[in-house]
2 protein chains.
Amino acid sequence: MLRQERVIVESVYPQLNGGDFFIKRVQDESIKVYADVLPDGHDVIQAEILFQHETEKKPQAIRMQHQGNDVYYETFKVTQQGFYTYQVRGWVDYALNWQHGIEVKIKDGQHVVSELQDGIQYLKYIKKKGNTNEKAYAKELIVYFEDEGNYDKAIEAAASTALRNLFLKYPQRILANSSKKFKVYVDRKKANFSTWYEFFPRSAAEEPDKHGTFKDCERLLPKIAEMGFDTLYFPPIHPIGEKNRKGKNNTVDAKEGDSGVPWAIGSRHGGHKSIHPELGTEEDFKHLIGKAMDLGIEVAMDIAYQAAPDHPYLTTNPEWFRKRPDGTIQYAENPPKKYQDIVNFYFENTEFKALWEELLSVVMHWADLGIKMFRVDNPHTKPYYFWNWLIGEVKKKHPDALFLAEAFSRPKVMQQLAKQGFSQSYTYFTWRVNKWELTEYLTELTQTDMKEYYRPNFWPNTPDINPYHLQGANEAMHLIRYALAATLSGNLGIYGPVFEYMVTEPYPNKEEYLDCEKYEIRHWDWSIENKITHVISKINIARKNHPALQQTNNLRFCHIENDNLMAFYKWNDDKTNEVVVVISLDSHHMQQGTVQLPMQELAFSHEEPLHLMDVITENEYDWYDEWNFVELTPSLPFHIFHIKR
Amino acid sequence: MLRQERVIVESVYPQLNGGDFFIKRVQDESIKVYADVLPDGHDVIQAEILFQHETEKKPQAIRMQHQGNDVYYETFKVTQQGFYTYQVRGWVDYALNWQHGIEVKIKDGQHVVSELQDGIQYLKYIKKKGNTNEKAYAKELIVYFEDEGNYDKAIEAAASTALRNLFLKYPQRILANSSKKFKVYVDRKKANFSTWYEFFPRSAAEEPDKHGTFKDCERLLPKIAEMGFDTLYFPPIHPIGEKNRKGKNNTVDAKEGDSGVPWAIGSRHGGHKSIHPELGTEEDFKHLIGKAMDLGIEVAMDIAYQAAPDHPYLTTNPEWFRKRPDGTIQYAENPPKKYQDIVNFYFENTEFKALWEELLSVVMHWADLGIKMFRVDNPHTKPYYFWNWLIGEVKKKHPDALFLAEAFSRPKVMQQLAKQGFSQSYTYFTWRVNKWELTEYLTELTQTDMKEYYRPNFWPNTPDINPYHLQGANEAMHLIRYALAATLSGNLGIYGPVFEYMVTEPYPNKEEYLDCEKYEIRHWDWSIENKITHVISKINIARKNHPALQQTNNLRFCHIENDNLMAFYKWNDDKTNEVVVVISLDSHHMQQGTVQLPMQELAFSHEEPLHLMDVITENEYDWYDEWNFVELTPSLPFHIFHIKR
């Protein structure tokens, strides 16, 4: 193929796997695009970004700047939810090239009559494309350029900024060359900034030995709102399987009255589109959703695509499950372990299209009811392309739907799910405790390609994970873990009330909870308030007030010469909000250290002090130097400093 | 689109720009391919490389190994010139997965009758695909699996290596998923390993004041062969333009008798397919090519796509050149400079296809005559896609054609030319003098993506460049520069005889030669031999004997605590040949230092000494330790140690 273009456009950044996957942003975020744009020879070139929302008919163009080394860059802002495409286009700009040439020759004292003649073609283009004034200007210049009598006027005009600006405004883009189109998916802002609270609605009853209901949950909403949470996530609320039901503490055989595992979905009461009868009705659920909304809380739902052996699907659609050669059903297993309360969907079956459609209809059912946040259980045990398709289909109708991938798996598995479309992802934060571990992990999340597609959601604990460092841990450790999650990540969540009530007793020798609510109903005195609930409230208020904390990627660690202290600087995109966070990782002793401020990023030059306010204590400080002494005690083991300009 | 595949294959390495460009190898080199291959869930997967030469009907498959972290890798060898494709394919291997499951359950003491039943389907596949013995074996196993009376035999066979090997041999590859196909172009070995000697044939006459001829060149061949060069490169040998001819030392107006610039091609005597009459005839040239070949020397030709103002093309095809508005011809310029002895081709013209075809026919003309190595002058001032097309077209007929890009331009421009198809490239080596500069540059060439497509050719000097560090330099500096080029890079070249005769006088204040042969004929006493010619011979013999020096990328710098000493370790792909090189960068003083050997790469464990032989002096050494003292003097400022095992 003979291609006459002279400009190469390549290495467009950001991009994932050569454009095989879309990158992600939220509304009003920016994308700084870089590309290598280079012509042969020495001609003057121009480059631009073309970007276009999927609902728009034409792309918008924005001219790029040359950074040096043939790299061009510019930033564009995305405002609407949904897909945008972006691509880079470059061309030899013959008009600007002509102007550059004649300018150099004029400075060199050359007589440029022939060059002026040559320039008339570019003026004619302006005369054709410009507005009335511009047409007149171009016409006037043509007269000068043609007539040697006006030589002085002509050469002045030829090298003028006015003419340059017209050439920039009306580019001819002859033989322009474009990169491929890359995609970015834009979510609502909550994809970057959300504060989750998880509890088991069946444990919400006021009185002991009663099954909690959605009405009980409603009673707790003000408390959750006061603590500053904006997302309320329930484990599955569907009918719990009765066949092969598990008992307390994950015992194999349930006793009479054992309430079962909410993730073993489906019984004679219904399946994934039904509600567990003891929790209430769909109407109750809708009422709860509405009440929560009034308090600024969105209800998030669990999507767990698996079935109890008595799920209606096993009767209506037996072809969706794998049979053994003897005709019996194949229970879930991870050899040598068997999970006889669970049957997995058989994604390899030939009837997979109907299965996919049915599973899609589950999400659609709840989305139509008003749920737009989904925590997806074990997504890594279902095909990646299934999620890609399902999330895409849901978002066509509900672009504000968000999906949190609950995969605690290998790094590339978790990354792949995020690439295939999940809006948020669980992370290894739950087990990252030391300074070097946290620093290394956050560097990976925020400084590699992961920042373009992997939105972390930091959970200090979950019903599945009672991490060793929280088992028997004191108040300070709980504050540390919450503060870390809440300041390092835009998204976080806790499983309560065990977290704030410091219910940390483990199942012996495991990273699990004793008497875990996964297997039984617990009763809590939900009226208790304590230091942890108060500090959580304060931190969450700080998160709401400070956009620097509503994102994850603008993060720079500060040097501090104490391995028990971490310090970092965060800011929002336009740097109208900046915080410096210092956290002690020691829950037992006072720690002191000296924080080194990132002087250049802070534009701090010693001329006047940096004013800091601790957003929790409201104490104010003036820092005069690059290095600043801090001291933290277990009673309040962190500072979140707002930098006041 | 609904895609049922469960395995993801991505991040295949090596690849360039997502497969937009091919990578490069030479015959008998290997390609180590890596890919991320991951299933959902925990099933056993397999991955393989499929690779195929363009002349083959079917790809070959080679199973990959798991490195950990979901990365699979394997190596394949390329033997034929031309394009190969390679891609990675992965699948859940249900047979192996079944075997893994039953093995774990057997170890766990479970009774696996149902699992054995399940396995029969995989045995049936072997029964269908296997050879006679394998069919019988599968048949026997089916009997065991079906009949509980043979349970013990059945479970032994189920978990056996024999069965595993059959599953590996006959994979079903159900729902396999493949990466895209990537391309590698395989050149003959000379693309990686060539030793160039450049001289001006017109300066080859025995007597002064005579124009050298091809016959004179023939006389010099034994000398060049003795110095160990395998490539003889001439500046353009075509008729030199007579109009606007330049004079000595690049003066604008040639005097009577000035011989002109060989790169100003074309006159009444012909153009790019003709020979400058004073050099001889095409027959003479063919004779020279044959004589050179007899001595193991290939003649390389200069391709300079530009025309003198009296080139026949200006008459036959005026449409290939740009005219100014006044109808006069547009000479080459780089404002404010004008080059009135040169006219550039106008690649934007609408008749470009005919132009491209004509330029292709120039290379074809000489390739058909037996020239397979082309040094391309200023390729960066012609469109990238033109070169991509031209080189591709030439290689269709002459896969052994090699193109050296003479672009001393910006990094990305030089890289782009290599990506578009040039076989070798000039480099910044010419100006890299200090240890840190050389180390940084070689690290870029050998440790980044450049190693996949950019084959450096190191030139200590060229007719265009008399670098400051060689101006007035002593013998030691010449030895240092040659030794660096010859050991750091598989390809190198010198412009002689000024290099070995230390003719270094510059044009005042420029990195150029005084009385440069570009503008005039020089006379040399070619019979002179000196220390430089002798050492060059020895180094070139070492290069011929040691495959570690016939490539560039297997390079590891060794720590040596002296900024005037460089040390590095090189090896060939299968490590049957290894060298350690130590070079002093100080041409005036003795330098001492202690080299740290790369113990692991050398598999050196102190148990017995490492035997080294200096390939120049043939002195032998035993090194007993990781750190080893070396001392170099300007009289022979380098060691090339062959490691004798």
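These numbers were taken from a predicted model, which means no experiment stands behind them.

Caption draft 1: Representation of the packing of helix H1 (residues 94–107) of chain B against helix H5 (residues 161–169) of chain B in the model. All names here are of chain B. Here H1 crosses H5 at 160°, and the two axes come no closer than 9 Å. In terms of orientation, H1 lies roughly antiparallel with respect to H5. In this structure, the crossing between H1 and H5 has a hand that is left-handed. Contacts from Ala95, Leu96, Trp98 and Gln99 of H1 reach H5 at Leu163, Arg164, Phe167 and Leu168. Grouping the amino acids of the contact of H1 with H5 by side-chain chemistry returns 6 nonpolar, 1 polar and 1 charged.

Caption draft 2: Quick look at the sheet that holds strand E6 (residues 65–68) of chain B. All names here are of chain B. Strand order in this open sheet of 4 strands is E1-E3-E7-E6, and the pairing throughout is antiparallel. If you trace the sheet from one side to the other, it starts and ends with strand E1 (7–13) and E6, each paired once. Neighbour-to-neighbour, the strand axes of this sheet turn through a mean angle of 35°, independent of strand direction. Relative to strand E7 (residues 71–77), strand E3 (residues 30–39) is paired through 7 bridges, and the arrangement is antiparallel. Along E7, the bridge assignment pairs Val33 with Glu74.

Caption draft 3: Representation of the interface of chain A and chain B. Counting from both sides, the interface comprises 63 residues of chain A and, opposite them, 63 residues of chain B. Both faces combined, the contact of chain A with chain B buries some 5600 Å², and carbon together with sulfur accounts for 52% of it. Inspection of the chain A/chain B interface yields 14 salt bridges. Between A:Arg6 and B:Glu348 there is a salt bridge; the shortest N-O distance is 2.3 Å. Linking chain A with chain B are 42 residue pairs in polar contact (both at pLDDT 80 or more). Of all the elements in the fold, those that place two or more residues in the side of chain A that touches chain B are strand E1 (7–13), strand E3 (30–39), helix H1 (94–107), helix H2 (113–129), strand E14 (332–334), helix H9 (352–368), helix H10 (384–397) and helix H11 (411–420) of chain A. Of the residues assigned to the side of chain A that touches chain B, the class counts are 23 nonpolar, 18 polar and 22 charged.

Caption draft 4: A look at the sheet that holds E1(A). All names here are of chain A. Taking strand neighbours across the sheet as the criterion, the 4 strands line up as E1-E3-E7-E6 in an open arrangement whose pairing is antiparallel. In the strand order of this sheet, the two ends are held by E1 and strand E6 (65–68), each with one partner. For this sheet the average axis-to-axis angle between neighbouring strands, irrespective of direction, equals 35°. Across 5 bridges, the pairing between E1 and E3 is antiparallel.

Caption draft 5: Spatial organisation of the environment of B:Asp40. In this fold, B:Asp40 is placed in the loop between E3 and strand E4 (45–53). Residue classification places B:Asp40 among the buried residues on the basis of a relative accessible area of 3%. When residues no more than four places from it in sequence are discounted, the contact partners of B:Asp40 are A:His380, A:Thr381, A:Lys382, A:Pro383, A:Tyr384 and B:Arg6.

Caption draft 6: Focus on the relation of the copies chain A and chain B. Expressed as a screw transformation, the operator carrying chain A onto chain B has a rotation angle of 180° and an axial translation of 0.0 Å, and the superposed copies differ by an RMSD of 0.1 Å. In symmetry terms, the pair is related by a two-fold rotation axis. Considering only C-alpha atoms, the part of chain A nearest the rotation axis is A:Gly18, at 2.5 Å. With an isologous cut-off of 70% or more, the 100% of interface residues of chain A that recur at the interface of chain B puts this contact in the isologous class.

Caption draft 7: Structural view of the environment of A:Ile640. Residue and element names in this part refer to chain A. Looking at the element boundaries, Ile640 is found in strand E28 (residues 638–644). Sequence spacing of Ile640 and Tyr313 is 327 residues, and the spatial spacing of their C-alpha atoms is 51 Å. Contact partners of Ile640, with chain neighbours within four places excluded, come to Thr487, Ile539, Leu549, Val580, Val581, Met613, Asp614, Val615 and Ile616.

Caption draft 8: Inspection of helix H14 (residues 475–488) of chain A at higher detail. All names here are of chain A. Spanning 14 residues, H14 covers 20 Å between terminal C-alpha atoms, matching the ideal 20 Å at 1.5 Å per step. The buried fraction of H14 is high, at 13 of 14 residues. A distance of 3.3 Å separates the backbone nitrogen of Ala476 from a side-chain oxygen at the start of H14, and that oxygen is part of Asn474.

Caption draft 9: Geometry of the pattern of salt bridges. This structure, assessed with the given rule, holds 77 salt bridges over all chains. Residues B:Arg268 and B:Glu242 are paired through a salt bridge, measuring 2.7 Å at the closest nitrogen-oxygen approach. Taken together, the positions of B:Arg268 in the loop between strand E12 (231–233) and helix H7 (282–294) and B:Glu242 in the loop between E12 and H7 put the pair 26 residues apart, joining distant regions of the chain. Where salt bridges share partners, they join A:Arg6, A:Asp40, A:Asp43 and B:Glu348 into one cluster.

Thresholds applied
Residues numbered from 1 in each chain as written. Chains lettered and ligands numbered in written order. Predicted model: local features only at pLDDT ≥ 70, side-chain atom pairs only at ≥ 80, totals over all residues. Heavy atoms only, no water. Axes fitted to C-alpha atoms, helices over the stretch in contact; angles between N-to-C directions. Helix = DSSP H or I, 4+ residues; strand = E, 2+ residues; numbered from the N terminus. Parallel < 35°, antiparallel > 145°, perpendicular 65-115°, else oblique. Left-handed = near helix turned anticlockwise from the far one by under 90°. Contact = heavy atoms within 4.5 Å. Nonpolar A, V, L, I, M, F, W, Y, C, P; charged D, E, K, R; others polar. Pairing = 2+ DSSP bridges. Buried area = accessible area lost by both parts, 1.4 Å probe. Salt bridge = Lys/Arg side-chain N within 4 Å of Asp/Glu carboxyl O. Polar contact = N/O pair within 3.5 Å; in protein donor to acceptor, adjacent residues only side chain to side chain. Buried < 20%, exposed > 50% of the residue type's maximum accessible area, 1.4 Å probe, protein only. Least-squares fit on C-alpha atoms with pLDDT ≥ 70 in both. Expected span 1.5 Å × (residues − 1).

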